[in-house]
Amino acid sequence: TLAWQVIDVVIGYQMWELTHNKLYLGYIGLSQFLPFVVLLVPVSQMAARFERWLIITLAYGLELAAAAALVLFTLSGRTEAYFLFLVAGLLGVARSFWAPAGQAMIPNLVPGELLSGAISVNTLMFTIATIAGPSVGGLLIIAGIDVGYEVAFVLLVIAMFLVVGVKPVRAQSSTEWHWRDVLQGFVFVWQKKTVLGAISLDLFAVLFGGVLILLPAFADEILGVGSVGLGFLRAAPGVGAAIVAFWLGYKPIRRHAGSWMFGGVAVFGVCMVVF
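Here is a short report on the structure shown in this document. (Residues numbered from 1 in each chain as written. Predicted model: local features only at pLDDT ≥ 70, side-chain atom pairs only at ≥ 80, totals over all residues. Heavy atoms only, no water.)

1. Here we look at the overall build of the protein
Across its full length, the protein carries eleven helices and zero strands. Taken from N to C terminus, the helices and strands of the protein fall in the order α-α-α-α-α-α-α-α-α-α-α. For 275 residues, the compact-globule formula gives about 19 Å, and the C-alpha radius of gyration of the protein, at 20 Å, lands near that figure. By its C-alpha atoms, the protein is 50 × 45 × 35 Å across when sized along the principal axes. In the protein, buried positions account for 33% of the 275 residues. Of the contacts made within the protein by residues no fewer than 6 positions apart, 83% connect residues no fewer than 24 positions apart. (Helix = DSSP H or I, 4+ residues; strand = E, 2+ residues; numbered from the N terminus. Rg over C-alpha atoms; globule rule 2.2 N^0.38 Å. Buried < 20%, exposed > 50% of the residue type's maximum accessible area, 1.4 Å probe, protein only. Contact = heavy atoms within 4.5 Å.)

2. As for unusual backbone geometry
Not every positive phi belongs to a glycine, and H20 is a case in point at roughly 50 degrees. Note on placement: H20 falls in the loop between α1 (2-19) and α2 (22-49). You will see that H256, though not glycine, has its phi angle at about 55 degrees, which is positive. Residue class for H256 comes out exposed when judged on its relative accessible area of 54%.

3. Quick word on the side chain of S31
Position of S31 among the secondary structure elements: in helix α2. For S31, a relative accessible area of 18% gives the class buried. Among the polar contacts made by the side chain of S31, one reaches the main-chain carbonyl oxygen of Y27 at a distance of 2.8 Å. Apart from residues lying up to four places away in sequence, S31 is in contact with F85, A88 and G89. (Polar contact = N/O pair within 3.5 Å; in protein donor to acceptor, adjacent residues only side chain to side chain.)

4. As for the pattern of salt bridges
What the rule picks out here adds up to four salt bridges. For E221, the salt bridge identified is with K22, shortest N-O distance 3.1 Å. Here the residue E221 occupies a position in helix α9 (residues 215-222), and K22 occupies one in helix α2, the gap between them amounting to 199 residues. Residue E80 is joined to R78 by a salt bridge in which the shortest nitrogen-to-oxygen separation is 2.8 Å. Through salt bridges with shared partners, a single network forms among D8, E63 and R95. (Salt bridge = Lys/Arg side-chain N within 4 Å of Asp/Glu carboxyl O.)

5. Here we look at α9
Burial in α9 covers these residues: L215, P216, A217, F218 and A219. At the exit of α9 stands G224, carrying a positive phi of roughly 60 degrees.

6. What to know about empty space enclosed by the protein
Empty space left among the atoms is revealed by rolling a probe the size of a water molecule over them. Under the definition given, this model contains one cavity of 30 Å³ or more. Roughly 40 Å³ of internal volume is contained in the largest cavity. Lining the largest cavity are D8, V9, G12, Y13, L212, I213, P216, L230 and R234. Element by element, the count of residues in the lining of the largest cavity is highest for α1, at four residues. (1 Å grid on protein atoms, 1.4 Å probe; cavity = no way out; pocket = protein on both sides within 12 Å on 5 of 7 lines; lining within 4 Å. Points joined across faces, edges and corners; volume = space filled by probe spheres on them.)

Structure (structure tokens):
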């Protein structure tokens, strides 16, 4: 996750430095988002039926190849924006594989009585990487765009070795599956109107209100804070999420959850207006 966050910051910064085109920043995000949307459902079914260790290893290998390509592209001095779009798409494909497989693999790593603790540790590590990654990426850009990619490459190599060291555990589900299995989740959400409303509200708020991908332009043209400021800007949402996560762990919402959700989306909308 740390490597993923570093690459996200650096590739956005590099695209901005090469083109100064805000639309291209949006396309970078779209290049990663589309493969994730298209592949997530079928890959989730694969994670339930095939060896998760192998899926994650192949996905990390794909990200490793993308990081190596970015290092070579940067060191060669080339400036073609389309190459960054292609690599971003490759990263999106890799993430669509390791995200569901990684979540599904946690129960295979520890005994049942330790599962809740393992999930908590996994969430904590993810949150730490989400906060630290953008800041690290912004600081690495000071040393050079290629340095950011090289550090991400090393982190991915370490991740590959760690995953290879995990004992393979075969999924217990049958490898045969049908499209109705894929659609079961959608049917469930459609039938549970409360869940459908909550997911839809969150989906449209994030989909049409995301500003993170434009932060390289904000950091350069509006705020004038450079790469370090960009790293802190990218880290700020993770810091906010961590604060709320710790608070909810201490005082979970037990009443009026819908009102709190609407309030959160309203605050999110106000923040978009401020931007």
